[in-house]
Amino acid sequence: MQRQLVRLMPHTARTKILLVFMLVNLAATIAYAAYAWNMQARSVRETVDARLNTAAAALPKIIGYEYLRALPQSGSVPEERYLAMSRLLHDYANKVGVRYLYVFIRDGDTVRYLADGASEEEIRAGNYGRYLSAYTDPPAALFEAFNEREARFAEYRDRWGQFRSVFVPMQREDGSTLIFGADIDLDQLQVELDKALLHALGIGMLTFLAGLIGSLLLARLLAAPIAQLASAAERVAMGDYKARVPIRGNDEVARLGRAFNLMSGAIAEREQEITRLAYIDPLTELPNRVRLAELISEEIHNAQQGEDSVAVIMVDIDRFKYINDYLGYSVGDAALKSIAQRLRQVQRESDHLGRFSGDEFVLVLPGVNRGNLEPVLRRLHSVLENPLAIAGQSIDVAGSTGAAFFPEHGTSAHMLLRQAESAMYMAKRTLANFMVYDAHQEENRKSQLSLLGELKTAIEQHQLVAFYQPKVNLQDGYINSVEALVRWQHPERGWVPPNQFIPFAEQTGKIRSLTLWMLRECMQQSLRWNAAGRQLRVSVNVSVSDMEDPGFVSLVECLLNETGANAQDLCLEITESAVMGEPERVMAALRRLRELGFKLSIDDFGTGYSSLAYLSRLPVNQLKIDRSFILRLHEAEGIQIARAIVQLGHILKLEVVAEGVESAEAWQTVSSLGCDSVQGYLVARPMPQAEFDAWFSACNGRWSLPA
């Protein structure tokens, strides 16, 4: 047995060197082939997912936003148009290399097709091509996309085959959610993976053959160059792609060394590109969210060594959605690039700038704390204050900014980003340019969110109360109208101020139920006052989201029919910003409300951006001077502004109301300026109905300035 082993062992150094090199080369080749396969397989999957995402993202433009905005109902889309849409989506799916494209809408627990891409054969077979047909066996990921309103990838099997799909949600203006889907056959994905595997094996085989040839040649030379190559190959196999072989001369060893170095360099370049794509935002070329977290962690580590501070500032571009909606995503992308260039001007050499998400950017400032943050904020706001010039458009931009500091607000990248984001949202809600994270405000926010969850119960259990604040006619002192204001008598928290639940209700879409409750309450109260012989017009505030809701006017009309109230006894107050948000849609809604008989008022006038030409077209009866101008009546400029608003309102034949009048001096000033009516604490604070009735009776429906 021992003799047989001796015969099998190589007898010469050359053979030993050859055998060792071949084994090392084989190991390196296998490692490289495995690495190449892994990278290519990942690339294939990422390419497929990107293809699915791109195809799904293109669906709104292909289908058309008018089609998507339409309220879906059976028969609302002709069969011929739907089949044409199916063929269009089928052709586009073939063009971009996916199997199916479709749009879903949820109907209770049923998912229905709003659009689907189908071939002629599938349409004839009756598998697809029917508007609002039900998806019989939807995957769980589809429901997750509906519920969480986040994109979901899924691999599943149904009766049509095995697929990898992406489900991308889009929220419509009415609050409902659409899902844009794109499929690719798993068999097709496997074919592409098999190709990648064959490609990787081919590369590995070629590498191995090259190494084998080199081994035969190099075996004739000294062992040292071979050892160098073997050592370098082992380093590559371990992931050290910087490994290089020293080159001496121009013989076979040198040529093989050069080839090896080129191979290592090529692998290193590909690795570097993969890393770049994983950490860099492709649009702005800034570090992305993942890289930002790493950079913040590095700066935290450095700050801990020197007991220093780190500031994390998050900037959200205000109203950026309107740029995409009205000017297109290409203009939006160009605007983001331009904003990124401007924010680079704020950076110091030691700072970091990254794109956190859609229109949110993050500045990481080592060595910056509350005390030395002011110069940074001045530079930041100065670079954003000038309009952008994009595609011939002048675009005003502004940013809401939040900041968090290490170690004051957190000791990890995740915590600092979260606290900076929370501060940024607080700045946006309070209309401030800048806000530092405040744990107390965060607790208030959680409390407000808790209140918001209880709002539905508050309406059902009659916890809401309507308060009424009188308006006095300046000509004769008669009180002929009141403004209704909602108050919440919480069973545990007592009276909850409106500013703790109304702004959140507006942001989350719950304001509709609150507005409808208030309208019903005021309509019923108006009937009671009329029955008692009191002619009081009741004003009710209507929010921005109410006016942008296509079904709002119909709901108001239903309330009129339900209560039997007279619309002429009510006035709807709409803020100037609501009027300018969706001008044409709001204009149409205002006309319908006017036709129903409602009086209409523009609230907070002077704080928006409406033009005189647009204002003159509005079917309104009244302007309310914003309280902020009334508080400035002690200034010459404040008086001039108020006088201009009064004159403008009278030119347009509108009643002008001054709200927020709290002193006799303000009363006399607005009276001299020609205001028609006054509302404010000087006359009376908002009161519950019973208290208001007693007050009204006590003053016999008239009020005058005390002597």
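Above: the structure in question.
Residues numbered from 1 in each chain as written. Predicted model: local features only at pLDDT ≥ 70, side-chain atom pairs only at ≥ 80, totals over all residues. Heavy atoms only, no water.

## Digging into the overall build of the protein chain
A count of helical and extended segments in the protein chain gives 26 helices and 22 strands. The buried share among the 707 residues of the protein chain stands at 47%. Total accessible area computed for the protein chain in this model is approximately 35500 Å², and 53% of it derives from carbon and sulfur atoms. (Helix = DSSP H or I, 4+ residues; strand = E, 2+ residues; numbered from the N terminus. Buried < 20%, exposed > 50% of the residue type's maximum accessible area, 1.4 Å probe, protein only. Areas by Shrake-Rupley, 256 points an atom, 1.4 Å probe, with all protein chains shown as cover.)

## A short note on the pattern of salt bridges
Under the counting rule described, the total for this entry stands at 26 salt bridges. Among the ionic pairs, Glu155 bridges to Arg45, the shortest N-O distance being 3.6 Å. Taken together, the residues Glu155 in strand β3 (residues 152-158) and Arg45 in helix α2 (residues 13-63) connect sequence positions 110 residues apart. Taking relative accessible area as the criterion, Glu155 reaches 44% and is therefore assigned partly exposed. By relative accessible area, which is 38% here, Arg45 ends up partly exposed. Residue Arg291 is joined to Glu294 by a salt bridge in which the shortest nitrogen-to-oxygen separation is 2.8 Å. Taken together, the residues Arg291 and Glu294, both in helix α10 (residues 289-306) and 3 residues apart, mark about one turn of the helix. Counted as one network, the salt bridges with shared partners bring together Lys471, Glu483, Glu573, Lys624 and Glu659. (Salt bridge = Lys/Arg side-chain N within 4 Å of Asp/Glu carboxyl O.)

## Some points on empty space enclosed by the protein
Taken as a whole and assessed by the stated rule, the structure comprises 1 cavity of 30 Å³ or more. The calculated volume of the largest cavity comes to roughly 60 Å³. Looking at the largest cavity, the residues that line it are Tyr100, Tyr102, Phe104, Tyr113, Tyr128, Tyr135, Tyr156, Asp158, Trp160, Phe163 and Asp183. For the lining of the largest cavity, the elements supplying multiple residues, two or more each, are β1 (100-107) and β3. (1 Å grid on protein atoms, 1.4 Å probe; cavity = no way out; pocket = protein on both sides within 12 Å on 5 of 7 lines; lining within 4 Å. Points joined across faces, edges and corners; volume = space filled by probe spheres on them.)

## Some words on the pairing of strand β6 (residues 310-317)
Across the 8 residues of β6, 8 count as buried, placing the element largely inside the fold. Here β6 shows no split at all, with Val310, Val312, Met314 and Asp316 on one side and Ala311, Ile313, Val315 and Ile317 on the other all buried. Note that β6 and strand β11 (residues 399-406) share 8 bridges and pair antiparallel. Residue pairing across strands places Ala311 opposite Phe405, the latter belonging to β11. (Pairing = 2+ DSSP bridges.)

## Re the sheet that holds strand β12 (residues 434-436)
Read from one edge to the other, the open sheet built from 5 strands follows the order β7-β8-β6-β11-β12, with strand pairing classed as mixed. Edge positions in the open sheet fall to β7 (352-357) and β12, since each of these has one partner strand only. If you compare each strand with its neighbour and ignore which way they point, the axes differ by 20 degrees on average. Summarising the sheet, β11 and β12 pair through 3 bridges and their orientation is parallel. (Axes fitted to C-alpha atoms, helices over the stretch in contact; angles between N-to-C directions.)

## Some points on a nonpolar patch on the surface
Together, Trp37, Leu197, Leu198 and Leu201 make up a nonpolar patch on the protein surface, roughly 370 Å² of accessible area in all. A per-element tally of the nonpolar patch places helix α7 (residues 186-218) first, with 3 residues. With respect to the secondary-structure elements, Leu201 resides in helix α7. The exposure class of Leu201 is partly exposed, given its relative accessible area of 47%. (Patch = residues over 30% accessible without salt bridge, like charges linked within 9 Å, V, L, I, M, F, W, Y side chains within 5 Å.)

## Structural notes on the pairing of strand β5 (residues 177-185)
β5 sits mainly inside the fold: 9 of its 9 residues count as buried. Covered by surrounding structure in β5 are Thr177, Ile179, Gly181, Asp183 and Asp185 together with Leu178, Phe180, Ala182 and Ile184, the residues of both alternating faces. Counting the residues between successive antiparallel strands, the hairpin from strand β4 (residues 161-171) to β5 contains 5 residues, one of them, Gly175, with a positive phi of roughly 95 degrees.

## A look at the environment of Gly597
With respect to the element layout, Gly597 can be found in the loop between α21 (583-596) and β18 (599-605). The class for Gly597 is buried, based on a relative accessible area of 18%. It is 8.6 Å that separates the C-alpha atoms of Gly597 and Asp569, two residues lying 28 residues apart in sequence. Setting aside anything within four residues of it in sequence, one finds Gly597 in contact with Ala567 and Gln568. (Contact = heavy atoms within 4.5 Å.)

## As for helix α26 (residues 689-698)
Among the residues of α26, those classed as buried are Phe692, Asp693, Trp695 and Phe696. Looking straight down α26, one finds that the buried residues subtend no more than 165 degrees of arc, so they occupy a single side. Exposed residues pointing more than 90 degrees away from the buried face of α26 are listed as Ala690 and Ala698. Following α26 by one or two positions, Asn700 has its phi on the positive side, about 55 degrees. (Arc of directions from axis to C-beta.)

## A few points about the environment of Ala293
Along the chain, the position of Ala293 falls in helix α10. Along the primary structure Ala293 and Ser412 are separated by 119 residues, whereas in three dimensions their C-alpha atoms are 8.8 Å apart.

## Some thoughts on the nonpolar core
In terms of nonpolar packing, the biggest core is built from 79 residues, with Tyr468, Met523, Met547, Leu572, Phe598, Phe692 and Trp695 touching the most fellow members. A per-element tally of this core places helix α17 (residues 511-531) first, with 9 residues. Residues Leu89, Tyr102, Ala118 and Tyr156 belong to the second largest nonpolar core, which totals 53 residues. (Core = buried A, V, L, I, M, F, W, Y, C linked by side-chain atoms within 4.5 Å.)

## Examining the sheet that holds β3
Here we have 5 strands laid out as an open sheet, ordered β2-β1-β5-β4-β3, and antiparallel in their pairing. Of all the strands in the sheet, the pair left with one neighbour each is β2 (110-116) and β3. Recorded for the sheet is a direction-independent mean angle of 35 degrees between the axes of neighbouring strands. Here β1 pairs with β2 via 6 bridges, running antiparallel. From the neighbouring strand, Val103 faces β2, where its bridge partner is Ala115. Where helix α4 (residues 79-96) meets the sheet, its contacts fall on β1 and β2, and the angle it forms with β2 comes to roughly 80 degrees.

## Structural notes on the packing of aromatic side chains
For the structure on display, the rule yields 16 aromatic pairs. Ring centres of Trp529 and Phe692 lie 5.5 Å apart, and the angle between their planes is 55 degrees; this geometry places the pair in the tilted category. Taken together, the residues span a long stretch of sequence, with Trp529 in helix α17 and Phe692 in helix α26 at a distance of 163 residues. When sorted by exposure, Trp529 lands in the same class as Phe692, which is buried. Look at Phe692 and Phe696: their rings are 5.8 Å apart centre to centre, the planes differ by 35 degrees, and that puts the pair in the tilted class. Here Phe692 pairs with Phe696, and both are found in helix α26, just 4 residues apart, close to one helical turn. Residue Phe692 shares its accessibility class with Phe696, and that shared class is buried. Among the aromatic residues, those joined into a cluster by ring pairs are Tyr468, Trp529, Phe692, Trp695 and Phe696. One residue, Arg702, lies across the ring of Tyr478, its end atom 4.4 Å from the ring centre. (Phe/Tyr/Trp six-rings, centres within 6.5 Å; stacked < 30°, edge-to-face > 60°. Lys NZ or Arg CZ within 6 Å of the ring centre and 35° of its normal.)

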